[in-house]
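Summary of structural features
One-letter residues, chain by chain:
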Amino acid sequence: MSTWDLSRTQQHVLLCNGSSCMRKGAEEVTQRIRAELTERNLDDVIHTSRTRCNKRCKDACVVVVYPKGDWYKDMEQADVKKFVDCLVENEVYTDMLTHQYNGEHFVAESITVKGTLKADVAAKVSKLGMDINHA
């Protein structure tokens, strides 16, 4: 296993390789993004990492770019060239954007599937546990 020198890295692209994303072509998207970065000699400037599930399965294939904190959905191989163009220009790839970090929290685009708050799930689980214990 290699330990990369990140001293020239300006952006980190997180590529979801969870099961929903994999069913929607995440492996191919991952390989295409990496190949495009290599072809442009950007491997030391834009680092990529595979992740497991990012819990935005309805947005598969999910790609996240840091440090900006931009989340993208429905990424396909056909999107890669324009996506990398936007990375190079430090622009937002608006075609697939779902969330942007505004310095305090993530703001969803109007077309984004809202999703479920973790606190709501925890409250339901806690209530279910109380109901079972009091039965």
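As the structure is a computational prediction, the values presented were derived from the model and not from experiment. Along every chain, residues carry numbers that run from 1 in the direction the sequence is written. Residues qualify for local features only when their pLDDT is at least 70, as the model is predicted, and side-chain atom pairs are given and counted only at 80 or more; totals for whole chains, interfaces and linings, by contrast, use all residues. Hydrogens are left out, water is left out, and the side-chain values use all remaining heavy atoms of the structure.

1. A short note on the sheet that holds strand 3 (residues 63–66)
- Read across the open sheet, the six strands follow the order 2-1-3-4-5-6; overall the sheet is mixed. In this open sheet, the two strands that pair with only one neighbour each are strand 2 (46–51) and strand 6 (106–108). Taken over all neighbouring pairs, the strand axes of this sheet differ in orientation by 20 degrees on average, direction set aside.
- Pairing between strand 1 (residues 11–16) and strand 3: four bridges, direction antiparallel. Among the inter-strand pairings, histidine 12 is bridged to a residue of strand 3, identified as tyrosine 66.
- On the sheet, helix 2 (residues 26–39) packs against strand 1 and strand 2 and is oriented at approximately 165 degrees with respect to strand 2. For two strands to pair, DSSP has to find at least two bridges joining them. Each helix is a run of H or I in the DSSP string that is no shorter than four residues. Each strand is a run of E no shorter than two, and both are numbered from the N terminus. All axes are obtained by fitting lines to C-alpha atoms, using only the stretch in contact for helices, and the reported angles, taken between N-to-C directions, cover 0 to 180 degrees. Whether two residues touch is decided by their heavy atoms; if any such pair falls within 4.5 Å, the residues are in contact.

2. A short note on the pairing of strand 3
- For strand 3 and strand 4 (residues 70–72), the ladder comprises three bridges, and the chain directions are antiparallel. Bridge pairing in strand 4 links valine 65 to aspartate 70.
- Between strand 3 and strand 4, which pair antiparallel in sequence order, lie three residues; one of them, glycine 69, sits at a positive phi of approximately 85 degrees.

3. Considering helix 3 (residues 80–89)
- Three exposure classes are used, based on accessible area relative to the maximum for each residue type with a 1.4 Å probe and protein chains only: buried under 20%, partly exposed in between, and exposed over 50%. Of the residues making up helix 3, those classed as buried are Val80, Phe83, Val84, Cys86 and Leu87. Down the axis of helix 3, the sector holding all buried residues measures 155 degrees, keeping them to one side. Residues of helix 3 that are exposed and point over 90 degrees away from its buried face: Lys81 and Glu89.
- Looking at the buried side of helix 3, the elements it contacts are strand 1, helix 2, strand 2, strand 3 and strand 4. Directions drawn from the helix axis to the C-beta atoms are what define this arc.

4. Quick notes on the pattern of salt bridges
- Whenever Lys or Arg places a side-chain nitrogen within 4 Å of a carboxyl oxygen from Asp or Glu, that contact is recorded as a salt bridge. Tallied over the full model, the rule gives eleven salt bridges.
- A salt bridge links aspartate 85 to arginine 40; the nearest nitrogen and oxygen atoms lie 2.7 Å apart. With aspartate 85 in helix 3 and arginine 40 in the loop between helix 2 and strand 2, this pair connects stretches of sequence that are 45 residues apart.
- The partner of aspartate 70 in a salt bridge is lysine 68, and the shortest N-O contact between them spans 3.7 Å.

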